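# Working through the structure, step by step
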Amino acid sequence: HLVESGGALVQAGDSLTLSCAASGRTFSDFAMGWVRQAPGKEREFVAAISWSGGNTYYTDSVKGRFTISRDNAKNTVYLEMNSLKPEDTAVYFCAAEESQVYPFSGEFWGKGALVIVSS
């Protein structure tokens, strides 16, 4: 069970951190990722983090602006987003993947958190 939080309406250039709380299974058994879906577009991989947090992966458009992290003691994964742009507007989904971290596909999904970036 994955529950995202932290979605908001922000202005371009602002920062925002999304959280995803996991329950039901051993959190450290899963690689975690964030995937987003902008209005009228397909889902897009954003970032992924390995089981222990030692490896991270990002799509090119967010490299240097977004940071994925996890706290296995709190069963939570985070997505810190800086220098937000209007094109970052999307529903952000948290997902868990047991077998591989990258390419990340996601076996279990949250319901999403809406991020709107105004210009």
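These figures come from a predicted structure and were not determined experimentally.

Judged by side-chain polarity, L9, L114 and I116 come together as a nonpolar surface patch covering roughly 290 Å² of accessible area. Mapped onto the fold, L114 is located in strand 11 (residues 113-118).

As a rule of thumb, soluble globular proteins bury nonpolar side chains together. Formed by 29 residues in total, the largest nonpolar core has its most connected members in L18, M32, W34, V77, L79, M81 and Y92. Counting residues per element, the ones that place at least two in this core are strand 3 (16-22), strand 4 (31-37), strand 5 (43-49), strand 7 (66-71), strand 8 (76-81), strand 9 (90-97) and strand 11. Beyond its immediate chain neighbours, meaning those up to four positions away, L79 contacts L16, T17, L18, W34, V46, A47, F66, T67, I68 and Y92. Within the second largest apolar cluster, 7 residues are counted, among which are A31, V35, F45 and V101.

According to the relative accessible area criterion, L114 is partly exposed, its value standing at 46%. Remark: the alpha-carbon pair of L114 and F93, spanning 21 residues in sequence, is separated by 8.9 Å.

It is worth spelling out the side chain of E4 at this point. Here E4 is to be found in strand 1 (residues 2-5). Buried E4, no salt bridge; nearest opposite-charge side chain is R43, N-O distance 8.1 Å. At 2.9 Å, the side chain of E4 forms a polar contact with the backbone nitrogen of G112. Residues in contact with E4, not counting those within four places in the same chain, are S19, C20, W34, Y92, F93, C94, G110, K111, G112 and A113.

Below, the discussion takes up the side chain of R65. Within the element layout of this structure, R65 appears in the loop between strand 6 (56-58) and strand 7. A distance of 3.0 Å separates the side chain of R65 from the backbone oxygen of S61, its partner in a polar contact. Not counting chain neighbours up to four residues away, the residues in contact with R65 comprise E80, M81, N82, S83, L84, K85 and D88.

For the rest of this paragraph, the subject is the state of the cysteines. What the rule picks out here adds up to 1 disulfide. Between C20 and C94 runs a disulfide, and the two sulfur atoms are separated by 2.1 Å. Between C20 and C94, the S-S dihedral sits near -75°, and the bridge is therefore left-handed. Within this pair, whereas C20 is found in strand 3, its partner C94 is found in strand 9, the two being separated by 74 residues in sequence. Summarising the burial analysis for this pair, C20 and C94 share the class buried.

Cut-offs and rules
- Residues numbered from 1 in each chain as written.
- Predicted model: local features only at pLDDT ≥ 70, side-chain atom pairs only at ≥ 80, totals over all residues.
- Heavy atoms only, no water.
- Patch = residues over 30% accessible without salt bridge, like charges linked within 9 Å, V, L, I, M, F, W, Y side chains within 5 Å.
- Areas by Shrake-Rupley, 256 points an atom, 1.4 Å probe, with all protein chains shown as cover.
- Salt bridge = Lys/Arg side-chain N within 4 Å of Asp/Glu carboxyl O.
- Helix = DSSP H or I, 4+ residues; strand = E, 2+ residues; numbered from the N terminus.
- Core = buried A, V, L, I, M, F, W, Y, C linked by side-chain atoms within 4.5 Å.
- Buried < 20%, exposed > 50% of the residue type's maximum accessible area, 1.4 Å probe, protein only.
- Contact = heavy atoms within 4.5 Å.
- Lys, Arg positive; Asp, Glu negative; His and termini not counted.
- Polar contact = N/O pair within 3.5 Å; in protein donor to acceptor, adjacent residues only side chain to side chain.
- Disulfide = S-S within 2.5 Å.

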